[in-house]
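One-letter residues, chain by chain:
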Amino acid sequence: MNNENFSTLELLRNQFRYPFPTLKNPNAEQLQEITEKQWIDGEYLWLYEQNPDLRKKYKKTKTAHIAAQWFPTASPERFKPICRLMLWTLYNDDLYEESEPEDIGHIHAQSIAILNGEISAEDSGIPLGPMLAALRQELLQFIPQESVSRFTKMISKYFTGLETELKYKKNKAYPSVSECIALRENSICLYPFLQLTELETGIILPKEIHEHPVIIRLQTLACHLVTFFNEVQSVLKDEATDSIYYNIVKVIQHERQMSLKEACLEDLRLHNEDLKEFIELQASLPDFGIWQDAVVNWVHYMSMVLSGWKNISTKLDRYNAMEFPEARELKEKLNHVKFSK
């Protein structure tokens, strides 16, 4: 693989390897239909009503099929809020990736207030408020308030990461590699999904397990692994949308004055280090007493997110055929809806 014919997709397919099972939720197509007909062309049509091409791009991203790899055994009812969340992450990312950093603080605060049940979607004044309000109601059907609160804290981490990204982008400044890994750990928005394993399994683990250092570390490593994979996958998209300041591959390239291929291989090396640690921790979990089987199962589900993301995302047009919303059209849309609705 020399520089002339270097392919990021080939690197992802052949060298990012996971020794975990890959399962897929059989309800994927059913929920994809709901995503496209009830949400993209229904409840949330007003967002992109005048732009059918952009709506088509969101449909081609197949968010329910992504979620199906992450939550392979959830029933249709429990799978629905996960799919709504998956679409929300896409909409939110794309709406605000061209925003001013200072505007994100308001969106952040209002989003968290909705998820905490402190304000209504209407009073929030943010475009995606109704989506978050519906998500909160769906989650509370299946998991307790404490679990929803933990999930909401993870959404807050995501917004903090997003705001940090926008500051680097606005200033056209690169963070260090370690700073970039830390901010992407939050902005990749995997932490919220990892909390929802309880939604799938129906087993609510006690607070002390969620706060155990090994469990926290496994989640951090999972976020790193998806990020390292994602950075190689989206590097061409990020170059096209001027988002290079917080792509780990581009930060490595900048910091070490490497070729793109060398930077991708360094990203792979960092990925493999964290994968090794994840596998070792998974194989030697502490004794959680009566919760042992449930914890082992939860970490097992966490591992399937990694193999599942590779399986589905290497086939997605959003990354592989440059099928993503253009920065210009997103910026225009944001200016139009910023504090309306």
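## Topic: the overall build of the protein chain
Scanning the protein chain from N- to C-terminus turns up 19 helices and 0 strands. Principal-axis analysis of the C-alpha atoms gives the protein chain an extent of 55 × 50 × 35 Å. Counting only contacts in the protein chain whose residues sit at least 6 apart along the sequence, the fraction spanning at least 24 positions is 77%. Carbon and sulfur atoms make up 49% of the accessible area of the protein chain, which totals about 13900 Å².

## Re the environment of Ala113
Among the structural elements, Ala113 can be located in helix 6 (residues 101–115). Spatially, the C-alpha atoms of Ala113 and Lys170 are 27 Å apart, while their sequence positions differ by 57 residues. Beyond its immediate sequence surroundings of up to four residues, Ala113 is in contact with Glu118 and Ile119.

## Side note on the layout of surface pockets
Quantified by volume, the largest pocket comes out at close to 310 Å³. If you trace the largest pocket, you find 13 residues lining it, with Arg150, Lys153, Met154, His210 and Glu211 closest to the centre. Tallied by class, the residues present in the lining of the largest pocket amount to 3 nonpolar, 4 polar and 6 charged.

## Overview of the side chain of Glu185
Here Glu185 is to be found in helix 10 (residues 177–187). Within polar-contact distance, the side chain of Glu185 engages the side chain of His224 at 3.0 Å. In contact with Glu185, not counting residues within four places along its chain, are Tyr191, Thr220, Cys223, His224 and Thr227.

## Section: the packing of helix 14 (residues 213–240) against helix 16 (residues 260–283)
Where helix 14 meets helix 16, the axes come as close as 9 Å, and the angle between the chain directions of the two elements is 155°. Judged by the inter-axis angle, helix 14 sits roughly antiparallel to helix 16. Our pair here, helix 14 against helix 16, has a crossing hand that is left-handed. Residues Val214, Arg217, Leu218, Leu221, Ala222, His224, Leu225, Phe228, Glu231, Val232 and Val235 of helix 14 form the contact with helix 16, whose participating residues are Leu260, Cys264, Asp267, Leu270, His271, Asp274, Leu275, Glu277, Phe278, Leu281 and Gln282.

## Focus on empty space enclosed by the protein
Empty space left among the atoms is revealed by rolling a probe the size of a water molecule over them. All told, the structure shown has 3 cavities of 30 Å³ or more when counted by the stated rule. Estimated volume of the second largest cavity: approximately 60 Å³. In this structure, the second largest cavity is lined by Thr197, Glu198, Thr201, Ile203, Leu205, Ala294, Asn297 and Trp298. Tallied by class, residues from the lining of the second largest cavity come to 4 nonpolar, 3 polar and 1 charged.

## Quick notes on helix 9 (residues 145–171)
The end-to-end C-alpha separation of helix 9 is 39 Å, in line with the 39 Å expected for 27 residues at 1.5 Å each. After helix 9 finishes, the residue Lys172 shows a positive phi value of roughly 50°.

## Re the packing of aromatic side chains
For the structure on display, the rule yields 11 aromatic pairs. Seen in terms of ring centroids, Tyr58 and Tyr91 are 4.8 Å apart; in terms of plane orientation they differ by 90°. Their pairing is edge-to-face. You can see Tyr58 sitting in helix 3 (residues 52–60) and its partner Tyr91 sitting in helix 5 (residues 76–96), a full 33 residues away along the chain. With relative accessibility at 0%, the residue Tyr91 sits in the buried group. The ring of Tyr191 has Lys157 sitting right over it, with the charged end atom 4.9 Å from the ring centre.

## Remarks on the pattern of salt bridges
When their charged atoms lie close together, side chains carrying opposite charge are able to pair. Scanning all chains against the criterion turns up 19 salt bridges. Between Arg84 and Glu138 there is a salt bridge, with its nearest N and O atoms 2.8 Å apart. Separated by 54 residues along the polypeptide, Arg84 in helix 5 and Glu138 in helix 8 (residues 129–140) bring together distant segments of the chain. Classification of Glu138 as buried rests on a relative accessible area of 10%. A salt bridge links Lys170 to Glu102; the nearest nitrogen and oxygen atoms lie 3.6 Å apart. You can see Lys170 sitting in helix 9 and its partner Glu102 sitting in helix 6, a full 68 residues away along the chain. For Lys170, a relative accessible area of 48% translates into the label partly exposed. Through salt bridges with shared partners, a single ionic network connects Arg256, Glu266, Arg269 and Glu273.

## Here's the deal with the nonpolar core
Tyr91, Leu190 and Phe278 are the most contacted members of the largest nonpolar core, which totals 102 residues. With 12 residues, helix 14 is the largest single contributor of residues to this core. Core analysis: the next-biggest nonpolar cluster, separate from the first, contains 5 residues, Tyr168, Leu183, Ile244 and Tyr245 among them.

## Some details on the packing of helix 6 against helix 8
Relative to each other, helix 6 and helix 8 sit at 30°, their axes nearing to 8 Å. Taken together, helix 6 and helix 8 sit at an angle that is classed as roughly parallel. Every pair of crossing elements has a handedness; the one defined by helix 6 and helix 8 is right-handed. Residue-level contacts link Ser111, Ile114 and Leu115 of helix 6 to Gly129, Leu132, Ala133, Leu135 and Arg136 of helix 8. Here the residues of the contact of helix 6 with helix 8 are counted per class, giving 5 nonpolar, 2 polar and 1 charged.

Reading the values: the criteria
- Residues numbered from 1 in each chain as written.
- Predicted model: local features only at pLDDT ≥ 70, side-chain atom pairs only at ≥ 80, totals over all residues.
- Heavy atoms only, no water.
- Helix = DSSP H or I, 4+ residues; strand = E, 2+ residues; numbered from the N terminus.
- Contact = heavy atoms within 4.5 Å.
- Areas by Shrake-Rupley, 256 points an atom, 1.4 Å probe, with all protein chains shown as cover.
- 1 Å grid on protein atoms, 1.4 Å probe; cavity = no way out; pocket = protein on both sides within 12 Å on 5 of 7 lines; lining within 4 Å.
- Points joined across faces, edges and corners; volume = space filled by probe spheres on them.
- Nonpolar A, V, L, I, M, F, W, Y, C, P; charged D, E, K, R; others polar.
- Polar contact = N/O pair within 3.5 Å; in protein donor to acceptor, adjacent residues only side chain to side chain.
- Axes fitted to C-alpha atoms, helices over the stretch in contact; angles between N-to-C directions.
- Parallel < 35°, antiparallel > 145°, perpendicular 65-115°, else oblique.
- Left-handed = near helix turned anticlockwise from the far one by under 90°.
- Expected span 1.5 Å × (residues − 1).
- Phe/Tyr/Trp six-rings, centres within 6.5 Å; stacked < 30°, edge-to-face > 60°.
- Buried < 20%, exposed > 50% of the residue type's maximum accessible area, 1.4 Å probe, protein only.
- Lys NZ or Arg CZ within 6 Å of the ring centre and 35° of its normal.
- Salt bridge = Lys/Arg side-chain N within 4 Å of Asp/Glu carboxyl O.
- Core = buried A, V, L, I, M, F, W, Y, C linked by side-chain atoms within 4.5 Å.

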